[in-house]
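Observations on the three-dimensional arrangement
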Amino acid sequence: MKFCSNIVAICAIASTASAFTVQNPSIRANTAVQASYSYLGDLNGDGESGTAVAQSAKKVSTPTAAAPASTPAGSIAKKAEMSAMEKYNTPKTTSEIFDEIAPVTVQGGSLRTCSFDESVSRVSVYLKTEGRPLNANVELWQGPDNSPQKMSVYLEDGSLRPFRCTIESPGSSNAVAIRNTGQMEFPLTAGLDVDMSGSTEGPGDVLIANCEYRTVQGGAVYTTPFPPSVQSVQVMLKSDGRPLNARVELLQGPNNNKQVMEIYTEDGSERPFYVIIDTPGSGNVVRIVNTATVEFPLTASVEPYIVDEGNMGSDSTPGGMIW
């Protein structure tokens, strides 16, 4: 009996001996990590299964002597950034953009919200009606009871002059809230377009870097008339990091407001205000009012966005900008 127990003990030690010996490290491919990076499913709608995605990721991740492994990632990021800049540099009317997105209807007195993840660098907001007036509040939410950016919008004709602005959304837990403050008889149509390129420069930064700008002191008013050839105008407002309070108006005639926007931004450097205003007809004037006190100046840049060269007047100034 003692001899049998010794044999059983020796067999047990022999079977578990590999646990006490130094084993060679197992080499695993990076394809499993690359194939399971997305938790949103099939975003492109091409119907590829997980096996096909894993096989394609395996092919991409295999390094060759001709192309280093870091080249595809750099080229993809550069291509995404170039496509985002091309989207902002290619002038399109707001009506053309509404044909490319999937808008929703916001009834009078109702609220619609849209949340997105931290991969979204900025979001463009589009509002219009069928020709009736538009009254709405657009807010950027970041966490509970925190609205770092707010704006109140009034349009005399939401079809002729729709609203179009770009909101920077750094960080996470961001959401855009659109509230129709008009009556039940005045619904509006809203649409969003997100930028996931990861670029730190938005359209407002490009505008203020390549065009002239003006410092508007607290309580000051600046007006800029445009000739009839200018079909739309782009406006950029920012500060040096302090809060920004301003009002942007589109006038057509003496004290005839066609579009009014009241803006509040918690940090005018991190979240500047960029808007494109349609200016059909003649006699259009953009007025910028710094509603803050003298301790809070802002930087403003106003430039034409779409110019109809066939409607150039003889008295038009270069670029249509007069301070």
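Parameters at a glance
- Residues numbered from 1 in each chain as written.
- Predicted model: local features only at pLDDT ≥ 70, side-chain atom pairs only at ≥ 80, totals over all residues.
- Heavy atoms only, no water.
- Helix = DSSP H or I, 4+ residues; strand = E, 2+ residues; numbered from the N terminus.
- Buried < 20%, exposed > 50% of the residue type's maximum accessible area, 1.4 Å probe, protein only.
- Contact = heavy atoms within 4.5 Å.
- Core = buried A, V, L, I, M, F, W, Y, C linked by side-chain atoms within 4.5 Å.
- Pairing = 2+ DSSP bridges.
- Arc of directions from axis to C-beta.
- Axes fitted to C-alpha atoms, helices over the stretch in contact; angles between N-to-C directions.
- Phe/Tyr/Trp six-rings, centres within 6.5 Å; stacked < 30°, edge-to-face > 60°.
- Lys NZ or Arg CZ within 6 Å of the ring centre and 35° of its normal.
- Salt bridge = Lys/Arg side-chain N within 4 Å of Asp/Glu carboxyl O.
- pLDDT = per-residue confidence, 0-100.

The subject of this paragraph is the overall build of the protein chain. Helices and strands together make up the secondary structure of the protein chain, namely six helices and 16 strands. Out of the 323 residues belonging to the protein chain, those deemed buried represent 36%. At a minimum sequence separation of 6, the contacts of the protein chain that also span at least 24 residues come to 82%.

Judged by nonpolar contacts, the single largest core of 40 residues is most densely connected at L127, M151, F163, V235, L237, M261 and F273. Excluding residues that lie within four positions of it along the chain, L237 makes contacts with L244, A246, V248, I263, P272, F273, I288, L298, T299 and A300.

Two faces make up the sheet, and in a regular strand the side chains alternate between them. With eight of its 10 residues buried, strand β16 (residues 298–307) lies for the most part within the structure. Where strand β9 (residues 214–216) meets β16, three bridges bridge the pair, whose relative direction is antiparallel. Counted as the bridge partner of T215 is T299 from β16. Here eight bridges tie strand β11 (residues 230–238) to β16, and the two strands are oriented antiparallel to one another. If you follow V235 over to β16, its bridge partner there is V302.

Looking at helix α6 (residues 203–210), one finds that the buried residues are P203, G204, L207 and I208. Looking straight down α6, one finds that the buried residues subtend no more than 125° of arc, so they occupy a single side. Facing away from the buried side of α6 by over 90 degrees, the exposed positions are A209 and N210.

Moving on: the sheet that holds strand β15 (residues 284–290). Read from one edge of the open sheet, eight strands run β2-β7-β4-β5-β13-β12-β15-β10, paired in antiparallel fashion. For this open sheet the edge positions go to β2 (111–116) and β10 (221–226), each flanked by a neighbour on one side alone. Within this sheet the neighbouring strands show an average axis-to-axis angle of 15°, counted without direction.

What follows is about the packing of aromatic side chains. Overall, the coordinates contain one aromatic pair when judged by the stated rule. Aromatic pair F98 and Y126: ring centres 6.0 Å apart, planes at 65°, arrangement edge-to-face. Of this pair, F98 sits in helix α5 (residues 94–98) while Y126 is found in strand β3 (residues 122–128), placing the two residues 28 residues apart along the sequence. A relative accessible area of 6% means that F98 is categorised as buried. Lying across the ring of F98, K128 places its NZ or CZ 4.5 Å from the centre.

The eight strands lie next to each other as β1-β8-β3-β6-β14-β11-β16-β9, forming an open sheet whose pairing is antiparallel. In this open sheet, the two edge strands, each paired with only one partner strand, are β1 (104–106) and β9. Pairs of neighbouring strands in the sheet enclose a mean axial angle of 25°, with direction left out of account. The sheet contact formed by β11 and strand β14 (residues 273–278) spans six bridges and is antiparallel. Residue V235 lies in a different strand from β14, and its bridge partner there is V275. The strands touched by α6 within the sheet are β3, β6 (163–168), β11, β14 and β16, with β11 carrying the most contacts at an inclination of about 95°.

So, on to the pattern of salt bridges. For the structure on display, the rule yields eight salt bridges. Between D195 and R122 there is a salt bridge, with the nearest N and O atoms lying 2.7 Å from each other. Of this pair, D195 sits in strand β8 (residues 188–195) while R122 sits in strand β3, and the two are 73 residues apart along the sequence. Given the relative accessible area of 3%, D195 is considered buried. Note that E249 and R287 form a salt bridge whose closest N and O atoms lie 2.5 Å from each other. Of this pair, E249 sits in strand β12 (residues 244–252) while R287 is found in strand β15, placing the two residues 38 residues apart along the sequence. The exposure class of E249 is buried, given its relative accessible area of 4%. Each of R122, E168 and D195 takes part in a single network of salt bridges with overlapping partners.

Segments scoring low in pLDDT should not have their predicted coordinates read at a detailed level. Model confidence for the protein chain is summarised by a mean pLDDT of 78, while 68% of its residues fall at 70 or above. Segment residues 314–318: pLDDT under 50, and two contacts once partners within four positions in sequence are set aside and those in other chains are kept.

Further remarks concern the environment of D308. Within the fold, D308 resides in the segment after β16. Through-space distance from the C-alpha of D308 to that of Q231 is 6.5 Å; in sequence the pair is 77 residues apart. When neighbours within four sequence positions are excluded, D308 is seen to be in contact with S229 and Q231.

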